[in-house]
Amino acid sequence: MDKMKALVFRNPGKLELTEIPIPKVTQPDDVLLKIKAVGICGTDVKILEGKHHFKPDTVLGHEFCGEVIEVGSHVNYIKVGDRVAIDNNIRCGFCSFCRMGMSSQCVEIKFNALGVMRDGGYAEYCVVPEKQCFVLPDEIDDVLGTQVETLATVVNGMNTLQMLPYDYVMVIGFGPIGYLFAQFAKNIAAKVAVTEIDPFRINVAKECGLTVWNPHEVDVVQKITDFTYGRKADIVIEATGNALAQALQCVTPGGKVLPFGMDSSVHIDVVPNEITRWATKVLGLYLGQNTMVPSIRIFQENRLNMKPFFTKVIPLEDGPEAFCDLGLDPATLTHGPKKAMKIVMKP
């Protein structure tokens, strides 16, 4: 068998199910995976919409795990038969950022990200460098294994926030990233509230036992003020990419704001004096940072309630239609109501 099924991103709005050659091991550190499962990420939605950098004619999919079926001549740690999660962001290891502990800013990432600039997991097979592979324990099934890298980005955010048990926490946006932050806050913080506009995801938040407000229906600044007895939130996590201005209104003096969501089309007006006067800490970060292994440990020990997280598992062939359930009609690039939190595909 020389060909495999794959979902290939052609251009904004066009995701094509087709057959392409099975990739081959050509480099000494190559690992060939048979894909077990792959998640559809919000970033994939933005790529399809043309709101994220992209490379035409690329197999999308950066949330994936697979079984190792072949390795290159210099692969020493990963073995044939291993089931591995993938860190899709390939760091060079040699630039000044990598060598000063800031590999998330590696100058090569923008050229090498699997599932964005290099072929990823929306396929039956994928070739990845050995260093991107992390062996999964039996306690983590294939579906959960797709989310190790997703959780790794959130763990990096948690490391930066240093959330404390007496903190009041607010999460703006209850998509998959907001869900994971809220689960951590529910375990750690004194109180947590989330905001969300989509009815489906509002119901998921309620299923998780969270306080949730719809900013289209209520004044969330007043709500968080009342919720925290007049204080506002010690930590505000902005998980949409378009509500930083609102986050700055909801944080207490001396509090922390984490702008985590990404949308390069959004611009806001900020009064710098407001940040200075109220000693607001705006914390920028990107991707995971040595957090894949911690994420595997968290999932292995069942520390987060992931049951409501996964809406459905579908065949790869149904992938294009699934984007409608995530709020984007690929044919028209128009937005509609979401009908899912996380959708996972199996080739």
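Cut-offs and rules
Residues numbered from 1 in each chain as written. Predicted model: local features only at pLDDT ≥ 70, side-chain atom pairs only at ≥ 80, totals over all residues. Heavy atoms only, no water. Helix = DSSP H or I, 4+ residues; strand = E, 2+ residues; numbered from the N terminus. Polar contact = N/O pair within 3.5 Å; in protein donor to acceptor, adjacent residues only side chain to side chain. Contact = heavy atoms within 4.5 Å. Axes fitted to C-alpha atoms, helices over the stretch in contact; angles between N-to-C directions. Parallel < 35°, antiparallel > 145°, perpendicular 65-115°, else oblique. Left-handed = near helix turned anticlockwise from the far one by under 90°. Nonpolar A, V, L, I, M, F, W, Y, C, P; charged D, E, K, R; others polar. Pairing = 2+ DSSP bridges. Buried < 20%, exposed > 50% of the residue type's maximum accessible area, 1.4 Å probe, protein only. Arc of directions from axis to C-beta.

Draft legend 1. View of the side chain of Ser103. Inspection of the secondary structure puts Ser103 in the loop between α2 (96-99) and α3 (109-112). Polar contacts involving the side chain of Ser103 include one to the side chain of Arg91, which spans 3.4 Å. With near-sequence residues (within four places) excluded, Ser103 lies in contact with Arg91, Phe97, Cys98, Ile109 and Gln289.

Draft legend 2. A look at unusual backbone geometry. For Lys232, which is not glycine, the phi torsion reads 75° and is therefore positive. Unusually for a residue other than glycine, Asn290 sits at a positive phi of about 60°. By secondary structure assignment, the location of Asn290 is in the loop between β14 (281-282) and α11 (292-300).

Draft legend 3. A look at the packing of helix α5 (residues 148-161) against helix α6 (residues 176-188). Relative to each other, α5 and α6 sit at 50°, their axes nearing to 10 Å. Overall, the two elements α5 and α6 adopt an arrangement that is oblique. Where α5 crosses over α6, the handedness of that crossing is right-handed. Packed against α5, whose contacting residues are Thr150, Leu151, Thr153, Val154, Val155, Gly157, Met158 and Leu161, the element α6 presents Ile177, Leu180, Phe181, Phe184 and Ile188 at the interface. Here the contact of α5 with α6 is built from residues that sort into ten nonpolar, three polar and no charged.

Draft legend 4. Here's a closer look at the sheet that holds strand β13 (residues 251-259). One open sheet accounts for six strands, arranged β11-β10-β9-β12-β13-β14; its pairing is parallel. The sheet is open, and its two borders are formed by β11 (211-213) and β14, each paired with just one other strand. Alignment of strand β10 (residues 191-195) against β11, held across three bridges, turns out to be parallel. Each residue of the ladder has a partner; that of Val194, found in β11, is Val212.

Draft legend 5. The sheet that holds strand β4 (residues 58-59), seen in detail. Taken in spatial order, the three strands of this open sheet run β2-β1-β4, and their pairing is antiparallel. Strands at the two margins of the open sheet, each flanked by one partner only, are β2 (14-21) and β4. Note: strand β1 (residues 3-11) against β4, two bridges, orientation antiparallel. Pairing of Val8 across the sheet is with Val59, part of β4.

Draft legend 6. How the structure looks around helix α8 (residues 220-227). The set of residues buried in α8 consists of Val220, Ile224, Thr225 and Phe227. For α8, the angular spread of buried residues about the axis comes to 165°, placing them on one side. Those residues of α8 that are buried are in contact with β9 (168-172), β10, β11, β12 (233-238) and α9 (244-250). Between the side-chain oxygen of the N-cap and the backbone nitrogen of Val221 there are 3.0 Å, and the N-cap of α8 in question is Asp219. Tyr229 occupies a position one or two residues after α8 and carries a positive phi of about 60°.

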